[in-house]
Structures are given as structure tokens and as C-alpha cells.
Amino acid sequence: MITVLLPNLYQLRLPLPFALNHVNVYLLRDSQGWTVVDTGLHTPAAETGWQTAFTELGIAPHQIHTIVLTHFHPDHFGMAGWLHERSGARVLLALREIALAEEVWIHRADHDDPSLRHFLRHGMPAELVKQVVGAIARLRTGTRPHPPLTPLPAGTWLTMGERRFLAIHAPGHSDGQLIFYAPDERLALVGDQVLQKITPHIGVWPESDPDPLRKYLASLRELAALNVDLALPGHGKTITAWQERIAELQHHHQNRLEAMLQAVQDGAETAFTVAQRVFAVERFTPHEARFAIAETIAHLELLVADGMLERYDDEALVRYRPRASFANL
């Protein structure tokens, strides 16, 4: 589905085979052709979506001169190679995200996935871990073919759709994620950093920053200072109440930290057992379960860093326990 948002700026909604059933990608037209921001997961249905967009907008693939990726996650990165093969467009991505894409989508195809040990050590049952690793392997196929990537530093000004955007580092959801801000129009393309109805996933993964939630909350404080009238997210509806939505996300994570602290104080010791008390893990697909556990780890690690919990790691299992001074809160 294509939506005209502003002059020379279009949103294309592409299908995803998950509970989160779509991703928003953006097409910006200028006198030289088109810039694409994010690309979707490479599936036959998404290919059909792109072909429909080409027809409706009258785009010949060679008119796409630039592909900009907010981050390396497969629903944003996945079709960049497919589009590059048809257009010859340069593909821009933050340097940290290039390293993550190479590690997760290329290197691990030929090596054991460290997610296996990561989730086992945090208490996930072995059979579920096996299903999770299989789900990640299937996602990897949705990122092929892989395009050549050009580093895009934060602080760069880009012209897209006759508008000047500043690339801003917005970590937490992914270590090197970039969002794009056009101050003259109070317009932002915000990837998965701020979403309207759901909360962006902030999790600890084998390859990620060990304390992503702290960086995410710091990023939200910085982003709240921007004058934004319209934010265009990677999923869901556009955002018109910028500061209010950021405040809601901050409140959500404060509540989640309190709930997880309480779960540990009530006797849950591993990230998996904490997640069982906070999420309906038993009803989740393996894809959803891995996000729930990774997000739980992120909150527990922030509580450890802030001195509210203690972390015990015997290499086989990671456990969390209340610090004595907080045990009776």
C-alpha cells in the first residue's frame, strides 16, 4: 500500500511474516530520481509490493540512485541487495551497522550461532533455543542477496526528496541506528527508535552493546529536544505528538524495570523466569520469545549496573538476585 505523505515523499507498507505484519519504507523523489529509505524483508510478497510500487509511481528501477538503511535488522536491510541489483544504487548504512550485518547475516551462515549459548545461559529451555536459532537462520535467507555497503557517518547531511536531512545516531534498538531529521520542515524519518503504538524492542544479543537500554533512554532524552511535527516510523502510524510519545516510551520502560525488579525480589532468578512473569512467553512464537528474553536481559542488566540487582555468572547459567539493600523494597 502506497501513501502520499508530503510532496515527493511516499510511504510503502510491505508485508512481514510475523505478528508485526508490516514494515514502512519510504520513497523520496528529486530531480535526479529516487532515494529509498529502508527496504523490507526479502520475501516473494515483498517483491510483489515493490513491483506494484514501481508501477503505481512510474519508477524504472534504474531511477533509484540511493538506498539509505536506518539499521541492519532484516525487515529494513533485507531487500537492499535485491534493489541494488536492479538499480545499481549506492547503499548507505552506518559503519557499526555494516559490521553487525556482516557478522549476523554473512559470517554466521558458516559458523555456529552464538545465540544458542546466549539464550541457554539465560535459562531458556534447550528445545525453545533450538527453535529460536532455526528462526534466526530462516531470517538470514530474507537478507539475500547482500549489497555492497557504503558507510554513512552520523552528522552527515543528506539531500533526499529535495529536503536536507541530518543523520542522527539513535542507539538502543540497534547499536548504530541512524534516524534522519529535516529541521526546516520539522520532519523526521525515525526507523524503529520511536513507534506510535508499540514499544521498540531494546534487547541484549550476543553481538550487541551490553547495556542498550541505558543508551536508548539517553537517546530518547536527546530526541525529545528536537522540534518534530511529523515523525515517520518503521512500523505503524505516523507520529504527530513527538514529545508526548517519547514520554510514554520513557514511562513504559520505568514500569518494566519496576516489574522485573519485583519479579527477581519474588524469586525469579534467570532472564527466562523473569520473562515468564512479565510476558505471556508460553503463548509466544520462537520469534517473539527471543525478543522477550533479549528485552528482559536488557532491563535486568540496567538494574545490575544501577546497583539494584546482583548478577551471578558461573558460565553455565546467569542468575540475578536482589542486592541486600534493595531486597525489602
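Residues numbered from 1 in each chain as written. Predicted model: local features only at pLDDT ≥ 70, side-chain atom pairs only at ≥ 80, totals over all residues. Heavy atoms only, no water.

**Section: the pairing of strand 3 (residues 22–30)**
1) Next: Counted residue by residue, strand 3 has 8 buried out of 9 residues, so it is predominantly covered.
2) Next: Bridge count for strand 2 (residues 9–15) against strand 3 is 7 bridges, and the pairing is antiparallel. Looking at the pairing, Leu 9 lines up with Leu 28 of strand 3.
3) Next: From the end of strand 2 to the start of strand 3, which pair antiparallel, there are 6 residues.
4) Next: Here strand 3 runs beside strand 4 (residues 33–37); their pairing, made up of 5 bridges, is antiparallel. Paired with Arg 29 across the two strands is Trp 34, which belongs to strand 4.
5) Next: A loop of 2 residues connects strand 3 with strand 4, the two strands running antiparallel in sequence. (Buried < 20%, exposed > 50% of the residue type's maximum accessible area, 1.4 Å probe, protein only. Helix = DSSP H or I, 4+ residues; strand = E, 2+ residues; numbered from the N terminus. Pairing = 2+ DSSP bridges.)

**A closer look at helix 3 (residues 80–87)**
1) Next: Within the sequence span of helix 3, burial applies to Ala 80, Gly 81, Trp 82, Leu 83 and Ser 87.
2) Next: Those residues of helix 3 that are buried lie in contact with strand 4, helix 1 (44–57), strand 5 (64–68), helix 2 (74–77) and strand 6 (90–93).
3) Next: Positive backbone phi, approximately 75°, marks Gly 88, located one or two places after helix 3. (Contact = heavy atoms within 4.5 Å.)

**Examining the packing of aromatic side chains**
1) Next: Tallied over the entire structure, the rule returns 6 aromatic pairs.
2) Next: On the numbers, 5.8 Å between centres and 40° between planes, the contact of Trp 50 with Phe 54 is tilted. Note that Trp 50 and Phe 54 are positioned in helix 1 at a spacing of 4 residues, about one turn of the helix. Assigned by exposure class, Trp 50 and Phe 54 land together as buried.
3) Next: A centroid spacing of 5.7 Å and a plane angle of 75° characterise the contact between Trp 205 and Phe 291, whose relative ring orientation is edge-to-face. (Phe/Tyr/Trp six-rings, centres within 6.5 Å; stacked < 30°, edge-to-face > 60°.)

**Regarding the packing of helix 7 (residues 212–223) against helix 10 (residues 286–305)**
1) Next: Helix 10 packs onto helix 7 with a crossing angle of 90° between their chain directions and a minimal axis gap of 8 Å. Between helix 7 and helix 10, the angle is such that the two are roughly perpendicular. Each of Pro 212, Leu 213, Arg 214 and Leu 217 in helix 7 lies in contact with helix 10, whose residues at this interface are Ala 298, His 299, Leu 302 and Ala 305.
2) Next: A per-class count over the contact of helix 7 with helix 10 returns 6 nonpolar, 1 polar and 1 charged. (Axes fitted to C-alpha atoms, helices over the stretch in contact; angles between N-to-C directions. Parallel < 35°, antiparallel > 145°, perpendicular 65-115°, else oblique. Nonpolar A, V, L, I, M, F, W, Y, C, P; charged D, E, K, R; others polar.)

**Side note on the sheet that holds strand 3**
1) Next: Within the open sheet, the 7 strands sit side by side as 1-2-3-4-5-6-7. Their pairing is mixed. Two strands bound the open sheet, and with one partner strand each, they are strand 1 (2–6) and strand 7 (150–151).
2) Next: The sheet contact formed by strand 1 and strand 2 spans 4 bridges and is antiparallel. Looking across to strand 2, one finds that Ile 2 is bridged to Leu 12.
3) Next: Where helix 1 meets the sheet, its contacts fall on strand 1, strand 2, strand 3, strand 4 and strand 5, and the angle it forms with strand 2 comes to roughly 155°.
4) Next: Here helix 3 sits on the sheet and contacts strand 4, strand 5 and strand 6; the angle it forms with strand 5, its principal contact strand, is near 165°.

**With respect to the sheet that holds strand 11 (residues 187–191)**
1) Next: Strand order in this open sheet of 5 strands is 8-9-10-11-12, and the pairing throughout is mixed. Taken across any chain shown, the strands that pair with only one partner, and hence form the sheet edges, are strand 8 (157–160) and strand 12 (230–233). Across the sheet, the axes of successive neighbouring strands diverge by a mean angle of 30°, strand direction being ignored.
2) Next: Looking at chain direction, strand 10 (residues 178–182) and strand 11 are connected through 3 bridges and run antiparallel. Within the sheet, the bridge partner assigned to Tyr 181 lies in strand 11 and is Ala 188.

**Thoughts on unusual backbone geometry**
1) Next: At the junction of Arg 144 and Pro 145, the peptide bond is cis and its omega measures out at 0° in the coordinates.
2) Next: For Pro 145, the location among the structural elements is in the loop between helix 6 (126–141) and strand 7.
3) Next: Notably, Glu 162 is not glycine yet its phi reads approximately 65°, a positive angle.
4) Next: Tracing the sequence through the fold places Glu 162 in the loop between strand 8 and strand 9 (163–169).
5) Next: One non-glycine residue, Arg 186, lies in the positive phi region at around 55°.
6) Next: Relative to the helices and strands, Arg 186 is located in the loop between strand 10 and strand 11.

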